[in-house]
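# Coordinate inspection notes
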Amino acid sequence: LFLEGVYDSYENYDYLEYIGIWLITIVMTTYGMAAALIAGVISALSTYAFQSITYLNPIRGSMSAATLRSSAWSRSNKVNVILDDDGIGRRKIFVIQLQGHLFFGNVAQLTDSVKTLLSEKRGTGEEPWIVIMDFSLILGIDSSAAQAVTKLKTTLHKSFGIGICIFVTGSDKGFPCEYALSQELSAPAVSSEGNQDVNETTSLLQGVYDKMSTNKSGYTALFHGTGPKSHVFGSLDSALIFAEDALVARYNPDILHDELGEMTFDSFNEGDTGISLTEEREVALQLFVRLCPGGDLNEAQELFSHFNREVYLKNDVLWSQGSSSDCMKLLVHGSLISLLENEAGTSEYVKRGNMIGESGMVQQAHRISTVKCVSDEAILYSLSQSSWEKVLKERPKLARLVYMMVIRYLSHRVQHVSNRIFETQCLPI
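Described below are features of the structure shown in this document. (Residues numbered from 1 in each chain as written. Predicted model: local features only at pLDDT ≥ 70, side-chain atom pairs only at ≥ 80, totals over all residues. Heavy atoms only, no water.)

Bringing the packing of helix 5 (residues 107-119) against helix 6 (residues 143-160) into the picture now. Two numbers describe how helix 5 lies on helix 6: the axes approach to 10 Å, and their chain directions differ by 20°. Taken as axis vectors, helix 5 and helix 6 run roughly parallel relative to one another. The interaxial crossing formed by helix 5 with helix 6 has right-handed handedness. In this structure, helix 5 uses Val107, Thr111, Val114, Lys115, Leu118 and Ser119 to contact helix 6, whose residues at the interface are Ala145, Ala148, Leu152, Thr155, Leu156 and Phe160. (Axes fitted to C-alpha atoms, helices over the stretch in contact; angles between N-to-C directions. Helix = DSSP H or I, 4+ residues; strand = E, 2+ residues; numbered from the N terminus. Parallel < 35°, antiparallel > 145°, perpendicular 65-115°, else oblique. Left-handed = near helix turned anticlockwise from the far one by under 90°. Contact = heavy atoms within 4.5 Å.)

Spatially, 1-2-3-4-5 is the arrangement adopted by the 5 strands of the open sheet, whose pairing is mixed. For this open sheet the edge positions go to strand 1 (59-64) and strand 5 (230-233), each flanked by a neighbour on one side alone. Neighbour-to-neighbour, the strand axes of the sheet open up by a mean angle of 15°, direction not taken into account. Packing against the sheet, helix 10 (residues 236-251) makes contact with strand 2 (93-102), strand 3 (130-141), strand 4 (164-168) and strand 5, and its axis sits at approximately 165° to strand 3. (Pairing = 2+ DSSP bridges.)

Before going further, it helps to examine the pattern of salt bridges. Across all of its chains, the model carries 11 salt bridges by this definition. The partner of Arg90 in a salt bridge is Glu244, with the nearest N and O atoms 3.1 Å apart. Here Arg90 is found in the loop between helix 4 (77-84) and strand 2, whereas its partner Glu244 is found in helix 10, with 154 residues between them in sequence. A salt bridge links Lys121 to Glu126; its shortest N-O distance comes to 3.9 Å. (Salt bridge = Lys/Arg side-chain N within 4 Å of Asp/Glu carboxyl O.)

This is the structure we're talking about:
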C-alpha cells in the first residue's frame, strides 16, 4: 500500500498534492485509518482553499484567428484567398488562452466555460473547425486538472464536431505538470471497435507537422478519420501555422501540397547538382513575387533583375550588429539565424522565402542584429545599396515595391500572434 500510494504516485501529482499524501500516510501509520480519513479531508480542503485564493480565472480570453498572423506570412495568393475567406478561412480557428494554475478546484469552471463558448457559436455560421488551447501563461497543472483536459479533448471532438484540437505548451519542456499530458493529448484516437487508428502521421509535437508536410495523403487523412485529431506544439506560432495549413488542406490539399513543395525545394537537396542556375533563379523569382503586395508581375521581374546571387557556408556572418545597411537579401535555400548581441540569447531563425535587411537599407540605419548562416549552405539573392539608389532615382515605381515590402513586414510584426499573448499595445487598427 505504501509503494502504491507514495512511491508509484511520485510523478503523478504536484508537490502540494504529494505533501498531502505523505501527511495521510504518516497519520495512518501513527493513529490509524480513522484519523487518516480526517487528515485526508483536511488536506483536500486546505489544498483547495490555497489554490482558490492563489489562482486566477483559468480563461484569460478567447477569439477567432481572423486578426492573428503566423510567421508564415509569405504565402501564395491562392493560399491567402482561402485563409482570408470568412466561410473557410481563419475564422474557423478558435483560440482559447488560459492563465494561472489549473487544479481540481477550477478545472470544472474551465471545462464548463469552454463548452459555453462553443455552444454560443452554434447556429451562427461561425462554428469553429479547429480549436487552439494556449497554455503559454499556465504556471502549473495538477494531476486532476491534467486528466480533465484530456477528457475535454474528447468532448470537443464528439459533442462539438471540432475537427482538430491543438494544445500549446508555451515551452519546449512541455506542460508544467508531472502528469504525461503531452503524450495523452497527442495519442491517436480510439475507434468505435476499441482499436487505435494507426497512421504514419501520428506523432508528438511538431514531428506531426513535419511528416504531414511531405505527404499530401497525410493531410487528407486529417479529414477522413485516419489521422490524429489532437496535436501538441511548443509555441502558438507553430500551432497557428499548422492550423492554417490544415484549413487550406481541408479546402484543397493540392494547393497546400504545391505550396509546401515550392517551399521545401526538393530539388535543392544536399548533393543534388541537377538544377540549373536558370531554374534556381525562377524559383527565387516566384518567392520574390509573393513578397510584392499588389505589385505587377512585370515590375517585380524588372526589380528582381537587379538582384545578384550569393552563396554562404555554415557559420558565415552575413552582417554584424551595428554595421551599415548596404543591401537587402532574399533567402532562397538554407537557413539563417538573427542574433541580438549583449542580450539573453535573443534570436530568431530566418526561413526560406523571407527577405532580410530591407528596412535598414531603406532607412539607411545600422544593422540591429547579427545574421549568420546555420545550414551547410545558404543561397541568397541580394540587392546592393548602389543598385537600390539607381532604382530609386530612375524607376521610382519599382522602388515603391520595396517600400510596400517594408510596410507589409512591419504590419506583420504588429499583428503577429506572439504580440497577443501578453498585454500589448500592438493591436491591428
